[in-house]
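Single-letter residue listing:
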Amino acid sequence: MSGGERIAERELMLPALFLIDLRKSLTTSDLIAELTHLMHPSGEDAKILNGRKDTKFSQKVRNLVSHHTLERLGYATYQRIRGNGIFQITETGKGYLIENMSIIEYLLSNDFAYKDIKVSFKHVSIAKEALKKVLTYDENLMITEGTKRNRNVTLYKRSSKLRDFAIKKYTLDGHIKCVVCFFDFLDFYGEIGKNYIEIHHVKPVLQYGEEEENKFLKDALENVIPACSNCHRMIHRNREQPLSVIDLKACIQPRHNI
Ligand SMILES: [Zn+2]
Ligand SMILES: [Zn+2]
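Below: a short report on this structure. In this text the structure is predicted, and so the values were computed from the model without any measurement. Every chain's residues receive numbers from 1 upward, in the order its sequence appears when written. Here chains are named by letter from A upward and ligands by number from 1 upward, in the order in which they appear as written. At least 70 in pLDDT is required for a residue's local features to be given in this predicted model, at least 80 for side-chain atom pairs to be given and counted, and no such filter applies to totals for whole chains, interfaces and linings, which use all residues.

**Side note on the overall build of the protein**
No. 1: Note on conventions: DSSP H or I runs of at least 4 residues are helices, E runs of at least 2 residues are strands, and numbering of each starts at the N terminus. Each helix and strand in the protein was counted, giving 12 helices and seven strands.
No. 2: In terms of principal-axis extent, the alpha carbons of the protein reach across some 65 × 40 × 35 Å.
No. 3: Counting contacts in the protein only where the partners sit at least 6 residues apart, residues at least 24 apart contribute 61% of the total. For every residue pair, C-beta atoms are placed from the backbone, and the pair is scored as a contact if these atoms sit within 7 Å.

This is the structure:
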């Protein structure tokens, strides 16, 4: 077995565990179908392998099964029940899943590109093996602020910090504008709109280990942009493929001369 395959398995461990827990029990072919749906592989991984029905991605899932990766780590059991191999999560697996749930939710709910999700899951798994802490910054928590979803106060506080950093960077003369359409909440709504903007994560923002926070946040600004609520929704209109700022601008310019 090559080292490359092991790395590939690490990309799939957390999302696979997430699905095994969600569905209570899963066969290998269910796992392939559901992981494909969840991670929407593209590029090399979406290619059909020579003379087979399999894609490179489904082959990776099969490797995860045949190398007994989840069983070896004690995260899941794999048993033959009525001729079908079936995965079930263990208590240890549940613990590992709960510990990583905010990362999983963050990576799977922001419509990131497949290659970014893949690389992030791999790095999360490697960091956790080295007993490094992995921290998320989840903008969705900010958007759903009104629903008082405060189940994770530290994550909320951390995400606010990134938001404040981004607002500081993009604010000019007390105004922060949408990078797509230049909508200005303060201009339009007055005082109530002051400092309001949504922060879109173009690439995942994850902190591995004990990196100095201010430096980390500064670097993270490369991966986030401020957008008004309308443009942010339009960016995510196609969940499989979020639009870039340039592409969304191109949609509105011909009609509105921004
Ligand atoms: Zn906008
Ligand atoms: Zn977004």
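That was the structure; now back to the text.
**Observations regarding the sheet that holds strand E3 (residues 84-89)**
No. 1: Any two strands are treated as partners once DSSP identifies two or more bridges connecting them. Here three strands make up an open sheet; going across it, the order is E1-E3-E2 and the pairing antiparallel. Across the chains shown, the open sheet's two edge strands, defined by having one partner strand only, are strand E1 (26-27) and strand E2 (76-81).
No. 2: Taken together, the two bridges between E1 and E3 define a ladder with antiparallel strand orientation. By the bridge assignment for E3, Thr-27 is matched with Ile-86.

**A short note on the packing of helix H5 (residues 91-109) against helix H6 (residues 114-129)**
No. 1: In this analysis an axis means a line fitted to C-alpha atoms, helices contributing only their contacting stretch, and an angle means the value between N-to-C directions, from 0 to 180 degrees. It is at 11 Å that the axes of H5 and H6 come closest, and there the two elements cross at 170°. In terms of orientation, H5 lies roughly antiparallel with respect to H6. Two secondary-structure elements touch here, H5 through Asn-100, Ile-103 and Leu-107 and H6 through Ile-117, Ser-120, Phe-121 and Val-124.
No. 2: Each residue gets one label: Ala, Val, Leu, Ile, Met, Phe, Trp, Tyr, Cys and Pro are nonpolar, Asp, Glu, Lys and Arg are charged, and the others, such as Gly, are polar. Looking at the contact of H5 with H6, its residues break down into five nonpolar, two polar and no charged. By definition in this entry, angles of less than 35 degrees are roughly parallel, angles greater than 145 are roughly antiparallel, angles of 65 to 115 are roughly perpendicular, and the rest are oblique.

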